[in-house]
Amino acid sequence: MAMFTLMRKNEEVMMLQIGEDGNIIKLGKKENTALLPLQNRTSAKGVIEWWRDRAIPIKQGKIEKMLRENGIETTGLFLTHNLGLSLTDYYWIRPLGVDLTWEKVNLFDNDFKENLLLGKINYNDNEALKYQPNSSLQGNLEKTWIIDNGVRKLVKGNHDVYSSESINEVIISDAIKAQGKDAVHYSLLHIDGKNYDFGCISELFTSQDKELVSAYAVMTSEQKPNNLSRYEHFINVCEKNGLDRNYVREYLEFEILIDFIFSNRDRHLTNISVLRDADTLKFVSMAPIYDSGKSMLVGRDIVPVTDKFVLSQESQGFKEKELELLKYVQNRKLIDVQLLPSPDNIREMYHKDSQVSEERISFVIEMYKRKIDMYERFASGENLNMIRF
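Undergrad: So what's going on with the overall build of the protein? Which residues, and what values?
TA: Secondary structure assignment for the protein yields 13 helices and 11 strands. Whereas a compact globule of 389 residues would reach a radius of gyration of roughly 21 Å, the protein reaches 22 Å, a difference of no more than 12%. For the C-alpha atoms alone, the extent of the protein along its principal axes is close to 65 × 50 × 35 Å. Residues classed as buried in the protein amount to 54% of the 389 residues present.

Undergrad: Can you tell me about the sheet that holds strand S1 (residues 2-8), naming the residues and giving the values?
TA: In any sheet, the strands associate via hydrogen bonds between backbone groups, in a parallel or an antiparallel arrangement. With respect to topology, 4 strands assemble into an open sheet ordered S3-S2-S1-S4, the strand pairing being antiparallel. Of all the strands in the sheet, just strand S3 (24-30) and strand S4 (91-95) have a single pairing partner and so form its edges. The mean angle between the axes of side-by-side strands here comes to 30°, regardless of whether they run parallel or antiparallel. Looking at chain direction, strand S2 (residues 11-18) and S3 are connected through 4 bridges and run antiparallel.

Undergrad: I'd like a description of the pattern of salt bridges, backed by residues and values.
TA: Tallied over the full model, the rule gives 25 salt bridges. We note a salt bridge from Lys153 to Asp148, for which the minimum N-O separation is 2.8 Å. Judged by its relative accessible area of 16%, Lys153 falls in the buried class. Taking the relative accessible area as the measure of exposure, Asp148 reaches 29% and is therefore partly exposed. The partner of Asp373 in a salt bridge is Arg377, and the shortest N-O contact between them spans 3.8 Å. Of this pair, Asp373 and Arg377 both sit in helix H12 (residues 358-379), separated by 4 residues, roughly a single helical turn. Each of Glu232, Glu239, Arg245 and Arg249 takes part in a single network of salt bridges with overlapping partners.

Undergrad: Got a sec to walk through the sheet that holds strand S6 (residues 151-156)? Specific residues and values, please.
TA: Strand order across the open sheet formed by 4 strands is S5-S6-S8-S7, with antiparallel pairing between neighbours. Lying at the two open borders of the sheet, with one neighbouring strand each, are strand S5 (143-148) and strand S7 (187-189). This sheet shows a mean twist of 35° between the axes of neighbouring strands, independent of strand direction. In the sheet, S6 pairs with strand S8 (residues 199-203) via 4 bridges, with the strands oriented antiparallel. Across the sheet, the residue bridging to Lys153 is Glu203, located in S8. Strands in contact with helix H5 (residues 164-178) are S6, S7 and S8; relative to S7, the strand with the most contacts, it is inclined by about 155°.

Undergrad: Before we move on, could you go through the packing of aromatic side chains and cite the residues and values that matter?
TA: In this description, an aromatic ring pair is defined by two values, namely the gap between the centres and the angle between the planes. Tallied over the full model, the rule gives 11 aromatic pairs. Considering the side-chain rings of Phe234 and Phe318, the 6.0 Å spacing of their centres and the 55° angle between planes classify their relative orientation as tilted. Of this pair, Phe234 sits in helix H7 (residues 230-240) while Phe318 sits in the loop between helix H9 (307-310) and helix H10 (322-326); the two residues are 84 residues apart in sequence, bridging distant segments of the chain. Each member of the pair, Phe234 together with Phe318, is buried. Ring pairing ties together the aromatic residues Tyr231, Phe234, Phe318 and Tyr328, which thus form one cluster. Sitting over the ring of Tyr90, Lys9 keeps its end group 4.5 Å from the ring centre. For the cation-ring pair, Lys371 lies above Phe260, with the distance from its terminal atom to the ring centre recorded as 4.3 Å.

Calculation notes
- Residues numbered from 1 in each chain as written.
- Predicted model: local features only at pLDDT ≥ 70, side-chain atom pairs only at ≥ 80, totals over all residues.
- Heavy atoms only, no water.
- Helix = DSSP H or I, 4+ residues; strand = E, 2+ residues; numbered from the N terminus.
- Rg over C-alpha atoms; globule rule 2.2 N^0.38 Å.
- Buried < 20%, exposed > 50% of the residue type's maximum accessible area, 1.4 Å probe, protein only.
- Pairing = 2+ DSSP bridges.
- Axes fitted to C-alpha atoms, helices over the stretch in contact; angles between N-to-C directions.
- Salt bridge = Lys/Arg side-chain N within 4 Å of Asp/Glu carboxyl O.
- Contact = heavy atoms within 4.5 Å.
- Phe/Tyr/Trp six-rings, centres within 6.5 Å; stacked < 30°, edge-to-face > 60°.
- Lys NZ or Arg CZ within 6 Å of the ring centre and 35° of its normal.

The following block contains the structure:
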């Protein structure tokens, strides 16, 4: 067991006792409740749950094997060894009695270790680089933060031998920007030693001034009234924290529609986020749209593309079915179909993958064309539930 101070930059937030498994076992005195993480604020054990969720998922890439090879028993210990540091916010833990400052440890300015995607932690190499941000990197897809000519970038792989998820990131981010909306820019990247042709890479979009707060954290920062949906609760909390509710609603509606067209089934509540000002703690904007790789029928068997199949896709987040999410959309005409990528463009992108079959590509494109048709029917006022059932 060891004692730590939970810090936000150089501000002391509260005392913590962390056990031998890297999990918080006791909460101490709160120094500044206003600076507590937003996530799970309505729970007495909110900080304990927040710290547990902060650790890299054990199912991410080859993390379990890498931790075992480096003698690190749990992802919580991996997080503790790296002081809980992240590239998306300013929280970290300072060991009691140790003279450390944010300037010495933060990973926005200081170099860090970065080899997680390549199957190495390099935990004992180059001790000048003490910490890495990967211990708090979320999601099950293998990924790693790197520094490229001084710029922090995220490299992501794929779940299988295909490059589909990375190709989707590029296609969909470009499609969103073509609609005049903000999205993280992804580029394809060859990664040595991998079975797939391409991963993808994107630049860090947080900074010392703006941090990322997930929709899940926003929603659990306040108690939800029983008569309110999680969707409306999220909009309300965003408004209380400085965002215009109509702006938030349009952002969410656009995201629902673009996800519908590309059949994204991974828009869970940590793949929707806001940006928060480091000093005022006010929300300044919705985050650029990111993590759209699990779209375009990735991992799905090739089947006949019928109306029923098109309208039976799963989703995550506010609802578990696409058709249920569409019920939240008030402005049905947020997408300009003329600006969407052509089927030929998508075919060309998928041909970059040397392992994907023509049959697979045709399946994806047929679904995409049918989804555009369904969106146009929806935009014209049609009830898609009538088609589905």
